[in-house]
Amino acid sequence: MAVMNIPKLPPLKHVKNGKYCYLVTFKNVWLDGKSVTVPGSTKTVGKIEGGKVVGKVIWTDAFAAEHPELEALDAYRMLKNPDAPSGKRRYFIRFEPHNEMVSLRKVLNARSFVAGPSWVLDHIIADTPLTKALNSVFSGYCRNRKIVSLAYYMYLFHTTAVESYGAFAENYRLPWQVPLRPGQCSKLFKSISSKEINGFLKKLNEEVCKLEAENVGGGNVYYALDSTSVSTYARHLIKAQYGHNKDGDALKQINILMMVNQETGLPVYYRTYDGDVPDVSTIMHTLRDTVRLGVNRQAVAVCDRGYSSIINLHRFYQSEASFVMNMRTSFRLARDFIIEHRQELEAPDSYIPDIGQHAVSTTKIWKYPVNFTTDCAKRRPQLKADMHVHIFFDENIKHERKQLITKALACVRTKLAAKETLANNEKCLAERFLIIKKDDAGNILSVKTDTAKLAEYLFTAGYRVLVSDCVTGAVEAHRAYQMRNSVEEAFAVMKQDIGGRRFGTSTDSTTEGKIFTVFIAAAIGLMFKTRISQCKTKGMQIPFEGDRAVMTKLSGIKATLWEDGMYYTEVTGKKRELLEALDIPLPDAAVFTKAELENMKEDDAAEEEETFIANNVEELAAALAEV
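Because the structure is predicted, anything quoted here is derived from the model rather than measured. (Residues numbered from 1 in each chain as written. Predicted model: local features only at pLDDT ≥ 70, side-chain atom pairs only at ≥ 80, totals over all residues. Heavy atoms only, no water.)

S.K.: Account for the sheet that holds strand β1 (residues 12-17), naming residues and giving values.
M.R.: Sheet strands pair via backbone hydrogen bonds, and the direction of the pair is either parallel or antiparallel. In space, the six strands of this open sheet follow the order β1-β2-β5-β6-β7-β8, with antiparallel pairing throughout. Since the sheet does not close on itself, it has two edges, and those belong to β1 and β8 (91-97), each with one partner. Between one strand and the next, the sheet's axes are offset by a mean angle of 40 degrees, whatever the strand orientation. In this structure, β1 lies alongside strand β2 (residues 20-25), joined through six bridges in antiparallel fashion. Across the sheet, K13 pairs through a bridge with V24, a residue of β2. (Pairing = 2+ DSSP bridges. Helix = DSSP H or I, 4+ residues; strand = E, 2+ residues; numbered from the N terminus. Axes fitted to C-alpha atoms, helices over the stretch in contact; angles between N-to-C directions.)

S.K.: Lay out the pairing of strand β17 (residues 382-393) in plain terms, naming residues and giving numbers.
M.R.: Bridge count for strand β16 (residues 357-369) against β17 is 12 bridges, and the pairing is antiparallel. By the bridge assignment, W366 is partnered in β17 with A385. Examined bridge by bridge, β17 and strand β20 (residues 463-468) share six bridges and lie antiparallel to one another. Bridging from a neighbouring strand, H388 pairs with S468 of β20.

S.K.: Please give an account of empty space enclosed by the protein that cites residues and values.
M.R.: The final tally for this structure, using the stated rule, is two cavities of 30 Å³ or more. Size it by volume and the largest cavity reaches roughly 170 Å³. At four residues, the largest contribution of residues to the lining of the largest cavity is made by helix α9 (residues 283-292). By volume, the second largest cavity is sized at about 40 Å³. (1 Å grid on protein atoms, 1.4 Å probe; cavity = no way out; pocket = protein on both sides within 12 Å on 5 of 7 lines; lining within 4 Å. Points joined across faces, edges and corners; volume = space filled by probe spheres on them.)

S.K.: I'd like to hear about a nonpolar patch on the surface, residue by residue, with values.
M.R.: On the surface, V29, L31 and V36 cluster together to form a nonpolar patch covering roughly 220 Å² of accessible area. Here V36 lies in strand β4 (residues 34-37). (Patch = residues over 30% accessible without salt bridge, like charges linked within 9 Å, V, L, I, M, F, W, Y side chains within 5 Å. Areas by Shrake-Rupley, 256 points an atom, 1.4 Å probe, with all protein chains shown as cover. Salt bridge = Lys/Arg side-chain N within 4 Å of Asp/Glu carboxyl O.)

S.K.: So what's going on with the pairing of β2? Which residues, and what values?
M.R.: With antiparallel pairing between neighbouring strands as the criterion, β1 and β2 make up a hairpin whose turn holds two residues, including G18 at a positive phi of roughly 65 degrees. Looking at chain direction, β2 and strand β5 (residues 43-48) are connected through four bridges and run antiparallel. Bridge pairing in β5 links T25 to K43.

Below is the structure:
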């Protein structure tokens, strides 16, 4: 039998701290006839499992490195004189050879988790601006890990309702493993203050700007800007108002505006505002907000036609903020641009194969008022700047629009001839585009199309007008606007993948915190989708189509928590192909640090399991023996 090498350790004593019990080194000196601990001589070297003064010792990494012989030994702190009063008790460390055999008790205590989805998401968000901002602002009370765990739940379970989160946390490996009850989730949402949200957005954009500054010479950085509405049944939310509901619900709503980096898919800014505020009225506040929060001033905001107005163009120039804006073709200014270049646009020479459309670019001088109040008698002074106008014409869109309206009007004329009742939309078409003559009795004599009104309707069909202060090329402007779909994708993730069409909250404090968590969940979902897209662009073969199918397959990767660590199941076949295609490392046999394991092993749960086993070990052993 091999002789066990007993380590020589410094004097140790225990220190209780709440439900934990730590072992620390110490050095005493005699002072005035008393033994006194030397200040600064104590150092934590380990803790005792179960939080008691006796039991198995878990050494710190630093202390174990100082005493490598501890690796082959299990250490137990024992009481030398159990009958002595508390002040006279003496303790010692008993060492036993480390036994690699798995005991029945360990088997019964082992917990299994679905680990593949969170393993992938952890690696995708690791060391990103999102994670750095969360860790910087919400590290207290581990709220950063709790928020991320709730965000994982929302994305993986397609819901913002937290009633099932406890069951989810029992079965999925998470950054914060402790299940939270619905009341605890609400408390977490309430704890997220507007000051912290602002601090998070500032830190997020500070980190984003660092990364984007490294992209010198890589062209413009584009931020897609758009908003959506979220309906609510709550009666007393301050921001819940009736407005233009983008989901068509006859309910009050809260509006949410986002800015998303079109290249990375990462949302860099969001805010909530009253449901009765139209998009076109939000630009001034948003521009001020982005300056306050440190959003990249060099980025180009890409806006849809809902934000187009002469005043908003002024505000972009006044703020020295770059933009690409889709102008409403019903605007006089846009129609003038189309009239001026119509003949050139419809000629073959203006066709650009790269975008499959006709395009013409021109530069105009834009005059805008100085952004301060003056005492001038007549008018505020104006400044001038270049505005690059890009006009696009798609023959197919114009043809399809003409075909649709022609067929619709033919259907209305047929119904009128047969004296059938028209639907509401058909009545609108008849009033707008048809000339109907009737006799004195009200009988229809003739029905003809008003060609002038139809021509007016089709005048701008197939045309798009993009204006910008900095983008000079039509192809670049077209690409920037097409990539604006990234913000639409963000809202799709929020409403469809996360189930954010309703927030299920009734107080303002809970609502703002929950919207923030939904924002984090949407950001994580977008980063995952972006990773899949980037891998496909690089030619990597993803064996499954769609992020949902990928996550379903990843759910087959399990992890088991034992007393001495967490171990993953073998990752083979399609699961291995997936991780390799996503450029995610394969999990090793024991990948967690002691700090991570401590977060997963809660003493209360451990005590309950110990009690259960102690009361039922004979029955469980008999059952296993029968198997």
